[in-house]
Amino acid sequence: MSLEYSSVDSVKKVLVYGGTHGNELSGVYLIKHWKKHPVFIKRSSFETILDEANPAAVKLCKRYVDTDLNRCFTDQILSESNPSEYEKQRAQQLNAQYGPKKSPSAIDFIIDLHNTTANNGVSFVVEDSADIFIMQSCAYVQANLGAPCRVFLIEDNPYYTVRSVGKHPLGVEIGPQSHGILRADVTLTMKRVVALLLDFAHLFNTGHEFPPTRVDDIFRAKERVDFPRDAQDDLNGVIHPSLQDNDWSRLNPGDPIFLTFDEEVITWPGVANDNEMHVAFVNEAAYYEKNLAFWLCTRESKQVAGLRRGATDVEK
């Protein structure tokens, strides 16, 4: 592989968020646990900060109070004067505390912990595939987790996340887990993923060079698909049983995608350019309000440049 190395500044601070959505409980309770028992998240080469992104929603065990915090980090909202919605206020607070967004003083690495009701397994939500630090971190986890780990790439469809304040933002989505509950397998897997990400950052800081590599199982978000609806805009069907729980699978023209309440099968017509499409976040409970039954994605691999530390101010 002939790719060159990229030099990136060392990591001074890593922020791990739980509770961006107050009913996604793996991150909520891991953050609480690690605050009481911080040895797990400590690494000698950087400071690890733990924070509850949306404490009011966590207290209510709701996704949000007024509006989705994970869509509030637009330039317009962050500069809005005296917003009335709680999450907009909170977005401004977090931006002031850990940013400002897009500034040299923004925190180095943000790990944002989420659960999904979809059968996603372990997935990373990546905002920019040109971020070599993030892409190498994904490759490191893929190589060391011992379980499939997909990359959900949203750079063509950004949604202004809480983690976008950081220089290197990474969302961790693990499911299936119903909102408002904890599953042992999901929560312990999340713990392992966070440990690997912190190990990666520590190895990077202490001079380990990550050679050029290939990141597989990248699913680029391309198109939102809504449920079938009637003339009153009410749902007129559900995810077809053959699609349910088959996140990341290939969708071929003619495959069933919905079943109406009259038991009519609705099939996938395909796309004009004949791109191979895959599905993600199938039947995610939180997306009903967003008119989203599943995401259509293209599946990719990406050659990623090697990574080495640029700054020399971190002790070994």
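Above this text sits the structure in question.
Structure report, in brief. Owing to the predicted nature of the structure, the values given are computational and were not obtained by experimental measurement.

## Remarks on the packing of aromatic side chains
Working step 1: Inspection of the entire model under this criterion finds 15 aromatic pairs.
Working step 2: Relative to Trp 295, the ring of Phe 152 has its centre 6.0 Å away and its plane inclined at 65°; by these criteria the two rings are edge-to-face. In this pair, Phe 152 is assigned in strand S6 (residues 149–153) and Trp 295 in strand S14 (residues 294–304), connecting sequence segments 143 residues apart. By the burial criterion, Phe 152 is buried, and Trp 295 matches it.
Working step 3: Chaining the aromatic ring pairs together yields one cluster made of Phe 109, Phe 133, Tyr 140, Phe 200, Phe 204 and Phe 210.
Working step 4: Lys 191 extends its terminal NZ or CZ atom over the ring of Phe 40, reaching a point 5.1 Å from the ring centre.
Working step 5: Over the ring of Tyr 5 we find Arg 308; its NZ or CZ atom is 4.3 Å from the centre of that ring.

## Notes on the sheet that holds strand S9 (residues 237–239)
Working step 1: Spatially, S9-S11-S12 is the arrangement adopted by the 3 strands of the open sheet, whose pairing is antiparallel. Either end of the sheet is taken by a strand with one partner, and the two such strands are S9 and strand S12 (265–267). Strand-to-strand, the axes of this sheet are offset by a mean angle of 30°, without reference to chain direction.
Working step 2: Inspection of the sheet shows S9 paired to strand S11 (residues 256–260) by 3 bridges, in the antiparallel sense. Following the sheet pairing, Ile 239 is matched in S11 by Phe 258.

## Let's talk about empty space enclosed by the protein
Working step 1: Counted under the stated rule, the structure contains 1 cavity of 30 Å³ or more.
Working step 2: A volume near 100 Å³ is recorded for the largest cavity.
Working step 3: Lining the largest cavity are 16 residues, and of these His 21, Arg 63, His 114, Glu 173 and Tyr 287 sit closest to its centre.
Working step 4: When contributions to the lining of the largest cavity are tallied by element, the ones reaching two or more residues are strand S4 (109–115) and strand S7 (168–175).
Working step 5: Counted by class, the lining of the largest cavity contains 4 nonpolar, 6 polar and 6 charged residues.

## Re the pattern of salt bridges
Working step 1: Evaluation of the coordinates by the stated rule reveals 25 salt bridges.
Working step 2: A salt bridge links Arg 220 to Asp 156, with the shortest nitrogen-to-oxygen separation between them at 3.0 Å. Of this pair, Arg 220 sits in strand S8 (residues 213–225) while Asp 156 sits in the loop between S6 and S7; the two residues are 64 residues apart in sequence, bridging distant segments of the chain.
Working step 3: Of the charged contacts in the structure, one is a salt bridge between Asp 233 and Arg 229, with a shortest N-O distance of 4.0 Å.
Working step 4: For Asp 233, a relative accessible area of 47% corresponds to the partly exposed category.
Working step 5: Look at Arg 229 and you get partly exposed, because its relative accessible area is 23%.

## A look at helix H5 (residues 132–144)
Working step 1: Over its 13 residues, H5 runs 18 Å from end to end, which matches the ideal 18 Å to within 8%, given 1.5 Å per residue.
Working step 2: With respect to burial, H5 is a largely interior element, 10 of its 13 residues being buried.
Working step 3: Listed in full, the buried residues belonging to H5 are Ile 132, Phe 133, Ile 134, Met 135, Gln 136, Ser 137, Cys 138, Ala 139, Tyr 140 and Val 141.
Working step 4: Looking at where H5 begins, the residue whose side-chain oxygen comes 3.2 Å from the main-chain nitrogen of Phe 133 is Asp 131.
Working step 5: Just past H5, the residue Gly 146 takes up positive phi, approximately 80°.

What counts as what
- Residues numbered from 1 in each chain as written.
- Predicted model: local features only at pLDDT ≥ 70, side-chain atom pairs only at ≥ 80, totals over all residues.
- Heavy atoms only, no water.
- Phe/Tyr/Trp six-rings, centres within 6.5 Å; stacked < 30°, edge-to-face > 60°.
- Helix = DSSP H or I, 4+ residues; strand = E, 2+ residues; numbered from the N terminus.
- Buried < 20%, exposed > 50% of the residue type's maximum accessible area, 1.4 Å probe, protein only.
- Lys NZ or Arg CZ within 6 Å of the ring centre and 35° of its normal.
- Pairing = 2+ DSSP bridges.
- Axes fitted to C-alpha atoms, helices over the stretch in contact; angles between N-to-C directions.
- 1 Å grid on protein atoms, 1.4 Å probe; cavity = no way out; pocket = protein on both sides within 12 Å on 5 of 7 lines; lining within 4 Å.
- Points joined across faces, edges and corners; volume = space filled by probe spheres on them.
- Nonpolar A, V, L, I, M, F, W, Y, C, P; charged D, E, K, R; others polar.
- Salt bridge = Lys/Arg side-chain N within 4 Å of Asp/Glu carboxyl O.
- Expected span 1.5 Å × (residues − 1).
- Polar contact = N/O pair within 3.5 Å; in protein donor to acceptor, adjacent residues only side chain to side chain.

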